[in-house]
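Listed below, chain by chain, are the residues.
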Amino acid sequence: MDYKNAGVDIEAGYQSVELMKNYVKETMRPEVLGGIGGFSGAFSLEKIKNMEKPTLVSGTDGVGTKIKLAFLMDRHDTVGIDCVAMCVNDIACAGGEPLFFLDYIACGKNEPEKIATIVKGVAEGCKQCGAALIGGETAEHPGLMPEDEYDLAGFAVGVVDEKELITGADLKAGDVLLGIASSGVHSNGFSLIRKVFEMTKESLNTYYEELGRTLGETTIIYVKALKNIKDAGVTIKACSHITGGGFYENVPRMLHDGVHAVIHKDSYEVPPIFKLLQEKGGIEEHMMYNTYNMGIGMIVAVEAEMVDKAVQAVQDAGETCFVIGEIKDGEKGVTIC
């Protein structure tokens with residue numbers, strides 16, 4: 001009896017590392033110290049010493065049950081982008097620049113080519129946000145997970161000068177809410193989606209005319225868009241990443257006591273995927289806004305006179321932006337009308 005007969009293939013692990021090295025190298029930043037494959041990743045902080053009060057910000061998340069789509073479609077090169085997005089978008093919400101990322105893959109059986117393809121997606125997400133992929137772990141769990149399944153989670157660290165932290169503390173009545181468009185459902189609410197839509201490889205690969213896309217779109221990484229706003233000289237007073245819990249859970253997280261967010265449903269066109277999901281599933285509207293992003297992946301608050309600059313900055317980053325509401329005095333919370 002040996003470890004391989006017990007279900008853990010050490011040699012497959014070595015092969016996975018070799019296959020993924022080129023993808024990882026593409027994400028390197030000058031601050032990364034040492035090579036790939038050490039016990040820890042080393043990242044120099046020399047370049048942030050010019051900040052008055054450098055502050056580390058972090059985010060950790062997974063892909064949730066959306067990962068089932070990867071299994072069904074036998075496509076594993078995009079879930080890594082989703083994983084990175086879920087982590088670094090939260091860092092960007094605080095005004096942070098993502099510095100480095102680590103991934104964790106748990107699998108029933110280590111298939112080196114599949115693992116390397118997953119990491120390829122992680123590396124692509126890191127390249128999109130400028131973070132270095134400095135480490136990770138692939139854990140083989142025979143008997144605990146089916147051989148053809150895996151789970152993926154990530155952890156990111158970023159930095160921001162304390163004076164530039166986005167906290168919402170200065171939010172006031174009259175400030176304007178901008179919504180940056182999502183690519184679709186992103187990575188939340190798939191447990192409900194899988195109850196509404198038939199989850200087969202054929203259905204997931206189907207191009208729905210009424211949607212203009214397939215069901216499996218990746219999560220947008222908003223780091224560049226938020227950086228463009230800052231570089232345009234616009235102060236982001238508050239920011240909310242619209243993930244699980246939709247508008248009703250996430251928008252109040254950007255508010256302080258005494259201010260209320262008002263969002264106008266008719267300020268932008270809700271993408272067809274959400275209309276189809278609501279119709280096919282018989283889902284009540286409040287629940288849709290309490291579960292999904294409804295076409296808005298990120299909400300930022302800016303002063304009214306800065307709206308045009310901010311919108312242009314988002315567009316220059318290649319994203320779509322809408323004026324969707326405003327801040328009023330009142331009880332902390334959100335009204336969607």
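Shown above is the structure to which this text applies.
Residues numbered from 1 in each chain as written. Predicted model: local features only at pLDDT ≥ 70, side-chain atom pairs only at ≥ 80, totals over all residues. Heavy atoms only, no water.

Participant: Now, about the overall build of the chain: what can you tell me, with residues and values included?
Facilitator: Counting its regular elements, the chain contains eleven helices and twelve strands. Computed over C-alpha atoms, the radius of gyration of the chain comes to 21 Å, within 12% of the 20 Å expected from 2.2 N^0.38 for 337 residues, which places it in the range of a compact globule. Along the longest, intermediate and shortest principal axes, the C-alpha atoms of the chain span 70 × 55 × 30 Å. When burial is assessed residue by residue, the chain has 50% of its 337 residues classed as buried. In the chain, of all internal contacts separated by at least 6 residues, the share reaching a separation of at least 24 is 86%. For the chain, the exposed surface amounts to about 15700 Å²; the carbon and sulfur share of it is 49%. Side chains of the chain carry 31 positive and 50 negative charges; the gap between the two charge centres is 2 Å. (Helix = DSSP H or I, 4+ residues; strand = E, 2+ residues; numbered from the N terminus. Rg over C-alpha atoms; globule rule 2.2 N^0.38 Å. Buried < 20%, exposed > 50% of the residue type's maximum accessible area, 1.4 Å probe, protein only. Contact = heavy atoms within 4.5 Å. Areas by Shrake-Rupley, 256 points an atom, 1.4 Å probe, with all protein chains shown as cover. Lys, Arg positive; Asp, Glu negative; His and termini not counted. Charge placed at Lys NZ, Arg CZ, Asp CG, Glu CD.)

Participant: Go over the environment of Pro252, please, and point to the residues and values.
Facilitator: By the secondary structure assignment, Pro252 is in the loop between helix H8 (246-250) and strand E9 (259-263). We classify Pro252 as buried; its relative accessible area is 16%. As for Pro252 and Lys332, which are separated by 80 residues in sequence, their C-alpha atoms are 6.6 Å apart. In this structure Pro252 touches Phe247, Lys332, Gly333 and Val334, once residues within four positions along its chain are discounted.

Participant: So, helix H7 (residues 223-231): which residues are in play, and what are the values?
Facilitator: For H7, the set of buried residues is Val223, Ala225, Leu226 and Ile229. Gly233, located one to two residues past H7, shows a positive phi value of around 85°.

Participant: Got a sec to walk through unusual backbone geometry? Specific residues and values, please.
Facilitator: Glycine aside, a negative phi is what most residues show, and trans is what most peptide bonds show. In this model, Asp74 sits at a positive phi of 50°, which is unusual for a non-glycine residue. When you line up the elements, Asp74 lands in the loop between helix H2 (67-73) and helix H3 (79-93). Take Asp74: its relative accessible area is 53%, and that puts it in the exposed class. At Met294, a residue that is not glycine, the phi angle is positive and equals roughly 55°. Residue placement: Met294 occurs in the loop between helix H10 (285-289) and strand E10 (296-302). Looking at Met294, the relative accessible area reads 3%, which means it is buried.

Participant: Got a sec to walk through the packing of aromatic side chains? Specific residues and values, please.
Facilitator: A complete count under the given rule lists five aromatic pairs for this structure. Ring centres of Phe43 and Phe100 lie 5.2 Å apart, and the angle between their planes is 45°; on these two criteria the pair is classed as tilted. Of this pair, Phe43 sits in strand E2 (residues 42-43) while Phe100 sits in strand E4 (residues 97-107), and the two are 57 residues apart along the sequence. Side by side, Phe43 and Phe100 carry an identical accessibility label, which is buried. Where Phe247 meets Tyr289, the ring centres are 5.4 Å apart and the plane angle is 65°; that geometry is what we call edge-to-face. Here Phe247 is found in helix H8, whereas its partner Tyr289 is found in helix H10, with 42 residues between them in sequence. Tyr289 gets classed as buried once you look at its relative accessible area, which sits at 4%. (Phe/Tyr/Trp six-rings, centres within 6.5 Å; stacked < 30°, edge-to-face > 60°.)

Participant: Explain the sheet that holds strand E12 (residues 333-336) residue by residue, including any values.
Facilitator: Pairing in this open sheet of six strands is mixed, and the strands run E8-E10-E7-E11-E9-E12 from one edge to the other. Of all strands in the sheet, those with a lone pairing partner are strand E8 (238-241) and E12, marking the two edges. Between one strand and the next, the sheet's axes are offset by a mean angle of 25°, whatever the strand orientation. Taken together, the four bridges between E8 and E10 define a ladder with antiparallel strand orientation. Considered in E10, the bridge of His241 is made with Met298. Across the sheet, H7 touches strand E7 (176-181), E8 and E10, and the angle it forms with E10 is around 15°. (Pairing = 2+ DSSP bridges. Axes fitted to C-alpha atoms, helices over the stretch in contact; angles between N-to-C directions.)

Participant: Please set out the side chain of Asp82 residue by residue, giving values where relevant.
Facilitator: Looking at where Asp82 falls in the secondary structure, it is placed in helix H3. Since its relative accessible area comes to 2%, Asp82 is described here as buried. Polar side-chain contacts of Asp82 include one of 3.1 Å to the side chain of Lys66. With sequence-adjacent residues up to four places away left out, Asp82 is seen in contact with Val63, Lys66, Ser187, Glu217, Thr218 and Thr219. (Polar contact = N/O pair within 3.5 Å; in protein donor to acceptor, adjacent residues only side chain to side chain.)

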